Amino acid sequence: YIVNAICNVVMTENSFYNACPTCKRKVIEEGNEYNCENCKSRLQTCNVNYKLTTNFSDYTGDVWVGLFNDQGEELLKTKAEEIKKLKDSGEESEMKSIYGGVRGKEYTFAVRVKKD
């Protein structure tokens, strides 16, 4: 489906994760290394990827939508690694400003719908 909708909310909690550069799955930090259980590999570095929970609305109502890395970067115009640096350095107000900057704006999405 192609949808035009207004962004109401981008949740800031748990909005990014450390990811395997190969499979993009979540990795577990173990000391100075990262363990990817999916690839069965130990990594010296990892990527930081988005996993955003957002709410969009149009004339039919509103819906909660999960956005992953590429879509998150497109929406926020900022890489997840930069958001993580802001949070880690205590600049959460700047981080929340970036997230809040998309509120109230209209976006066009191609979406895939799953039934639970």
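To be clear, the structure that these remarks concern was listed above.
These remarks concern the structure in this document.

What counts, and at which threshold
- Residues numbered from 1 in each chain as written.
- Predicted model: local features only at pLDDT ≥ 70, side-chain atom pairs only at ≥ 80, totals over all residues.
- Heavy atoms only, no water.
- Helix = DSSP H or I, 4+ residues; strand = E, 2+ residues; numbered from the N terminus.
- Polar contact = N/O pair within 3.5 Å; in protein donor to acceptor, adjacent residues only side chain to side chain.
- Contact = heavy atoms within 4.5 Å.
- Phe/Tyr/Trp six-rings, centres within 6.5 Å; stacked < 30°, edge-to-face > 60°.
- Pairing = 2+ DSSP bridges.
- Axes fitted to C-alpha atoms, helices over the stretch in contact; angles between N-to-C directions.
- Core = buried A, V, L, I, M, F, W, Y, C linked by side-chain atoms within 4.5 Å.
- Buried < 20%, exposed > 50% of the residue type's maximum accessible area, 1.4 Å probe, protein only.
- Salt bridge = Lys/Arg side-chain N within 4 Å of Asp/Glu carboxyl O.

For the rest of this paragraph, the subject is the side chain of asparagine 55. Checked against the element boundaries, asparagine 55 lands in strand 6 (residues 47–58). Here the side chain of asparagine 55 touches aspartate 62 through a polar contact of 2.9 Å, side chain to side chain. Filtering out sequence-adjacent residues up to four positions away, asparagine 55 remains in contact with Ile6, Cys7, Asn8, Val9, Asp62, Val63 and Trp64.

A separate point is the packing of aromatic side chains. Across all of its chains, the model carries three aromatic pairs by this definition. Ring pairing ties together the aromatic residues Phe56, Tyr107 and Phe109, which thus form one cluster.

In space, the three strands of this open sheet follow the order 3-4-5, with antiparallel pairing throughout. Across the chains shown, the open sheet's two edge strands, defined by having one partner strand only, are strand 3 (28–30) and strand 5 (41–43). Within this sheet the neighbouring strands show an average axis-to-axis angle of 35 degrees, counted without direction. Summarising the sheet, strand 3 and strand 4 (residues 33–36) pair through three bridges and their orientation is antiparallel. What sits directly across from glutamate 30, in strand 4, is glutamate 33.

Another point: the environment of lysine 87. By secondary structure assignment, the location of lysine 87 is in helix 2 (residues 80–88). Those residues within four positions of lysine 87 in sequence are excluded, and the remaining contacts are Phe16, Glu92 and Met95.

Bringing the nonpolar core into the picture now. In terms of nonpolar packing, the biggest core is built from 20 residues, with Leu52, Leu75, Leu76 and Tyr99 touching the most fellow members. In terms of residue count, the dominant contributor to this core is strand 6 (four residues). With sequence-adjacent residues up to four places away left out, tyrosine 99 is seen in contact with Val10, Met11, Thr12, Ser15, Phe16, Tyr50, Leu52, Leu76 and Ile83. Among the nonpolar cores identified, the runner-up in size contains six residues, and Cys20, Val27, Leu43 and Cys46 belong to it.

Considering all chains together, one arrives at seven salt bridges under this definition. The salt bridge partner of lysine 77 is glutamate 74, with a shortest N-O separation of 3.4 Å. The two residues lysine 77 and glutamate 74 agree in class, both being exposed. The partner of glutamate 81 in a salt bridge is lysine 85, with the nearest N and O atoms 3.7 Å apart.

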